[in-house]
Amino acid sequence: MIDFTFFMELALREAIKAFECKEVPVGAVVLDSNGHVIGRGYNQVETLCDATAHAEMIALTAAMATIGSKYLKECTLAVTLEPCPMCAGAIVNAKVGRVIFGAYDPKMGASGTVLNVTGCKQLNHQPEVFGGIMENKCQNLLQDFFRELRKRSGQ
């Protein structure tokens, strides 16, 4: 298997930006077939008051604008948390070639944990999916965020 550590490190940098903005720390990058970053994003749901402003959605939009195509067939999406159903649907619609993610999401994960949108054979596209890449580091960042959030809210 390919070492996806470098890709996940880039996604973690984006997640830290979200953490610093008091957003759920999820980050994503899209890389072309040569490993060049063509899109990046971090959660901005609170900042933009937009439930669709997930890291993946922002990174996918940026990547499509960069290459001038709605399809990302030869690209890899690296994201620190397993995509939710909305993001997994966007991944399938954009025909992303490969998805790698860090932490599994036991509540909303749609790449095999709760649902398997990215692996659904009835849909017109199934990307390669690799989960658990730098899982502990990704999960620790999320846990630190929610621990800090609970402290701020006095719980």
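Figured I'd write up the structure that's included with this text.

Calculation notes
- Residues numbered from 1 in each chain as written.
- Predicted model: local features only at pLDDT ≥ 70, side-chain atom pairs only at ≥ 80, totals over all residues.
- Heavy atoms only, no water.
- Core = buried A, V, L, I, M, F, W, Y, C linked by side-chain atoms within 4.5 Å.
- Buried < 20%, exposed > 50% of the residue type's maximum accessible area, 1.4 Å probe, protein only.
- Helix = DSSP H or I, 4+ residues; strand = E, 2+ residues; numbered from the N terminus.
- Phe/Tyr/Trp six-rings, centres within 6.5 Å; stacked < 30°, edge-to-face > 60°.
- Pairing = 2+ DSSP bridges.
- Axes fitted to C-alpha atoms, helices over the stretch in contact; angles between N-to-C directions.
- Contact = heavy atoms within 4.5 Å.
- Polar contact = N/O pair within 3.5 Å; in protein donor to acceptor, adjacent residues only side chain to side chain.
- Expected span 1.5 Å × (residues − 1).
- Arc of directions from axis to C-beta.

## A few points about the nonpolar core
Then step 1. One finds Met 8, Val 30, Leu 60, Leu 72, Val 96 and Ile 100 to be the most contacted residues of the largest nonpolar core, which totals 36 residues.
Then step 2. Where this core is concerned, the elements lending two or more residues are helix 1 (5–20), strand 1 (27–31), helix 3 (55–67), strand 3 (76–81), helix 4 (85–93), strand 4 (98–103) and helix 5 (135–153).
Then step 3. The dominant element in this core, judged by the number of residues it contributes, is helix 1, at six residues.

## Quick look at the packing of aromatic side chains
Then step 1. Applying the stated rule across the entire model yields six aromatic pairs.
Then step 2. Centroid distance Phe 101 to Tyr 104: 5.0 Å. Interplanar angle 85 degrees. Geometry classified as edge-to-face.
Then step 3. Grouped by ring-pair contacts, the aromatic residues Phe 4, Phe 6, Phe 7 and Phe 130 constitute a single cluster.

## Considering the pairing of strand 1
Then step 1. With five of five residues buried, strand 1 is to be regarded as a mostly interior element.
Then step 2. Side chains Gly 27, Val 29 and Leu 31 project from strand 1 onto one buried face, and the interleaved Ala 28 and Val 30 project onto a second face that is buried too.
Then step 3. Inspection of the sheet shows strand 1 paired to strand 2 (residues 37–42) by five bridges, in the antiparallel sense. In the strand pairing of strand 2, Val 29 is matched with Arg 40.
Then step 4. Where strand 1 folds back onto strand 2 in an antiparallel hairpin, the turn is made up of five residues, including Gly 35, whose phi is positive at roughly 85 degrees.
Then step 5. Note that strand 1 and strand 3 share four bridges and pair antiparallel. Bridge pairing links Leu 31 to Thr 76 in strand 3.

## A closer look at the sheet that holds strand 2
Then step 1. In space, the five strands of this open sheet follow the order 2-1-3-4-5, with mixed pairing throughout. On the outer flanks of this sheet lie strand 2 and strand 5 (128–130), each paired with one strand and no other. Taking each pair of neighbouring strands and ignoring which way they run, the sheet shows an average axis angle of 15 degrees.
Then step 2. In the packing of helix 5 onto the sheet, the strands contacted are strand 3 and strand 4, and the crossing angle to strand 4 comes to about 60 degrees.

## Focus: the side chain of Arg 98
Then step 1. Here Arg 98 is to be found in strand 4.
Then step 2. At a separation of 3.2 Å, a polar atom in the side chain of Arg 98 contacts the side chain of Thr 76.
Then step 3. With residues near it in sequence (within four places) discarded, Arg 98 still touches Ile 2, Phe 4, Cys 75, Thr 76, Leu 77, Pro 127, Glu 128 and Phe 130.

## Looking at the environment of Phe 4
Then step 1. Relative to the helices and strands, Phe 4 resides in the segment before helix 1.
Then step 2. Each C-alpha atom, one on Phe 4 and one on His 125, is 22 Å from the other, the two residues being 121 residues apart in sequence.
Then step 3. Setting aside residues up to four positions removed in sequence, Phe 4 forms contacts with Arg 98, Ile 100, Phe 130 and Ile 133.

## Describing helix 3
Then step 1. For helix 3, with 13 residues, the first-to-last C-alpha span of 19 Å sits near the 18 Å given by 1.5 Å per residue.
Then step 2. Regarding helix 3, the residues found buried are Ala 55, Glu 56, Ala 59, Leu 60 and Ala 63. End-on view of helix 3: buried residues confined to an arc of 120 degrees, all on one side of the axis. Residues of helix 3 that are exposed and angled more than 90 degrees away from the buried face: Thr 61 and Ala 65.
Then step 3. Looking at the buried side of helix 3, the elements it contacts are strand 1, strand 2, strand 3 and helix 4.
Then step 4. Of the residues one or two after helix 3, Gly 68 is the one with positive phi, at around 70 degrees.

## Considering helix 4
Then step 1. Within helix 4, burial applies to Cys 87, Ala 88, Gly 89, Ala 90, Ile 91 and Val 92.
Then step 2. Contacts from the buried residues of helix 4 go to helix 3, strand 3 and strand 4.

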